[in-house]
Amino acid sequence: MQMSPTEYIQHHLTNLQLNLHTGSVGPTSGFWVLNLDTLITSFLIGVLFLGLFYLAARKAVSTQPGKLQNFVEYSIEMVNGMTKEVFHGENSVIAPMAMTVFFWVFFMNLVDLLPVDLIPRLLGFFGIHHYRAVPTADLSLPVGLALTVFIMIIYYNFKIKGPKNLLIEILSKPFGWYLMPVNIFFRLVEEIAKPLSLSLRLFGNLFAGELIFVLIAGLIPFWLQWIPGGIWAIFHILIITIQAFIFMMLTIVYLSMAHESH
Amino acid sequence: MDILHTLVGLYGNIFIAAALLISIPAMGTAIGFGLLGGKFLEGIARQPELKAMLMGNMFLMAGLLDAFAVIGLVFGFLMLFSPAVFMPALTPALAKIHHILAAAQP
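Bear in mind the structure is a predicted one, so any value in this text is a computation, not a measurement.

A.B. asks: Explanation requested: the overall build of chain A in the structure shown.
C.D. replies: Tallying secondary structure elements over chain A gives nine helices and two strands in all. Order of helices (α) and strands (β) in chain A, N terminus to C terminus: α-β-β-α-α-α-α-α-α-α-α. Oriented by its inertia axes, the alpha-carbon framework of chain A measures out at about 65 × 55 × 40 Å. By the burial criterion, 28% of the 262 residues in chain A qualify as buried.

In structure tokens, the structure reads:
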């Protein structure tokens with residue numbers, strides 16, 4: 001079972017993949033490959049947290065509320081307040097979407113605080129030899145989230161502003177009618193930069209965090225591991241909260257920019 | 001021999017490229033964090049009762065600044081360690097060429 005450090009690191013960076021051409025489960029390469037570990041973990045976490053919040057809503061009482069109901073009400077109030085500050089229109093999709101994004105991303109990031117070897121070692125007893133437990137540290141998931149937000153941005157641009165007004169806005173802001181190519185170029189850059197930066201920011205922070213944990217586990221003798229591991233874990237708690245919060249804030253801001261042009 | 005020299009040169013340049021990719025965004029981010037922290041402290045000095053609100057917004061801005069430093073870090077690590085790109089993909093190729101050339105020597 002003794003792996004060299006490089007093998008250990010590479011083992012922890014390999015996903016459990018399903019090759020759709022050959023049907024084989026295990027590390028493969030190619031385009032038609034599903035990362036099963038990302039899909040399973042993210043689905044489980046989503047079902048768990050949505051189920052929890054739904055339970056809180058079902059059992060809601062207006063006399064002494066319990067702790068769960070208190071927490072859910074507080075978080076709804078917080079997200080609602082934030083949405084009202086940024087977005088001054090009428091859309092009942094934005095605030096629930098923001099809350100879902102925040103809590104889902106936060107709980108998926110939270111898996112990174114478990115010990116690096118815990119879940120892969122447990123699953124190794126069942127015969128699964130490669131498993132990356134943090135869904136947001138796989139490039140697929142943050143890009144999926146950002147692409148969904150991007151599609152919503154385009155949809156709301158067309159739906160709220162109408163194609164004619166949208167065309168006028170693209171061609172004439174921010175420099176006026178005579179600099180039309182410059183306006184189009186800037187608009188393209190801005191629209192492409194939104195999903196790109198959104199996805200890569202979340203992916204980069206979480207992948208770097210996971211990688212540093214793996215490096216600490218692989219390269220430092222076990223009796224020294226608690227010092228850098230502890231410090232990095234404390235810093236990482238801050239990072240995952242901030243990244244989930246920023247994803248939520250930017251979702252709200254981008255969707256409100258799609259509703260009204262500043 | 002020419003191929004070997006070219007590939008070894010490429011190998012060395014990848015190290016330098018990955019190091020630049022990791023460090024230059026981090027320099028920008030460090031300067032940005034310094035400015036951000038300085039303005040935050042100035043804001044507290046002017047109006048201490050706004051400390052909580054300013055701190056929340058400061059962490060928001062810090063998360064936005066973090067983005068490009070960490071993107072550079074991730075791509076640098078990818079270049080250095082991931083088996084699909086650049087360096088680790090190049091290593092077996094280099095070893096193979098070295099063997100072929102060593103075996104072909106009279």
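There's more to say after this.
A.B. asks: What's the story with the environment of glutamate 77 of chain A in this structure? I'm lost.
C.D. replies: Checked against the element boundaries, glutamate 77 of chain A lands in helix α3 (residues 67–86). Distance in space between the C-alpha atoms of glutamate 77 of chain A and methionine 257 of chain A is 22 Å, their sequence separation being 180 residues.

A.B. asks: Where do I start with the nonpolar core in this structure?
C.D. replies: Side chains of a nonpolar character, in soluble globular proteins, are inclined to be buried together. Ranked by size, the top nonpolar core spans 46 residues in total, and within it Ala98, Val101, Phe102, Val105 and Phe247 of chain A carry the most contacts. Contributions of two or more residues to this core are made by α4 (94–110), α6 (140–161), α8 (180–219) and α9 (226–259) of chain A together with α2 (51–81) of chain B. When near neighbours in sequence (up to four residues on either side) are disregarded, phenylalanine 102 of chain A contacts Val79, Ala244, Phe245 and Met248 of chain A.

A.B. asks: Is there a simple way to think about α4 of chain A in this case?
C.D. replies: Note that an α-helix has 3.6 residues per turn; residues three or four places apart therefore point the same way. All names here are of chain A. With 17 residues, α4 should reach 24 Å at 1.5 Å per residue; the first-to-last C-alpha distance of 24 Å fits that figure. Taken residue by residue, α4 has Ile94, Met97, Ala98, Met99, Val101, Phe102, Phe103, Trp104, Val105, Met108 and Asn109 as its buried positions. If you follow the buried residues of α4, they end up packed against α2 (36–58), α3, α6, α8 and α9.

A.B. asks: When you look at the interface of chain A and chain B in this model, what are you seeing that I'm missing?
C.D. replies: When the parts of a complex come together, some accessible area is lost, and that lost area is often used as the size of the interface. Facing the 14 residues of chain A at the interface are 14 residues of chain B. At the level of secondary structure, the elements contributing two or more residues to the side of chain A that touches chain B comprise α1 (5–12), α8 and α9 of chain A. Of all the elements, α8 of chain A adds the most residues to the side of chain A that touches chain B, at eight residues. Of the residues that constitute the side of chain A that touches chain B, the class distribution is eight nonpolar, five polar and one charged.

A.B. asks: Would you mind showing me how to read the packing of α6 of chain A against helix α7 (residues 163–172) of chain A here?
C.D. replies: In helix packing, the relevant descriptors are the interaxial angle and the interaxial distance, both defined with respect to the helix axes. Residues and elements named next belong to chain A. Look at α6 against α7: their axes get within 6 Å of each other, and the N-to-C directions meet at 110°. Relative to α7, the element α6 is oriented roughly perpendicular. The segment α6 lies against α7, with Asn157, Phe158 and Lys161 engaging Pro163, Asn165, Leu166 and Glu169. Of the residues that constitute the contact of α6 with α7, the class distribution is three nonpolar, two polar and two charged.

Rules behind the numbers
- Residues numbered from 1 in each chain as written.
- Chains lettered and ligands numbered in written order.
- Predicted model: local features only at pLDDT ≥ 70, side-chain atom pairs only at ≥ 80, totals over all residues.
- Helix = DSSP H or I, 4+ residues; strand = E, 2+ residues; numbered from the N terminus.
- Buried ≥ 20, exposed ≤ 12 C-beta atoms within 10 Å, placed from the backbone.
- Core = buried A, V, L, I, M, F, W, Y, C linked by C-beta atoms within 7 Å.
- Contact = placed C-beta atoms within 7 Å.
- Expected span 1.5 Å × (residues − 1).
- Nonpolar A, V, L, I, M, F, W, Y, C, P; charged D, E, K, R; others polar.
- Axes fitted to C-alpha atoms, helices over the stretch in contact; angles between N-to-C directions.
- Parallel < 35°, antiparallel > 145°, perpendicular 65-115°, else oblique.

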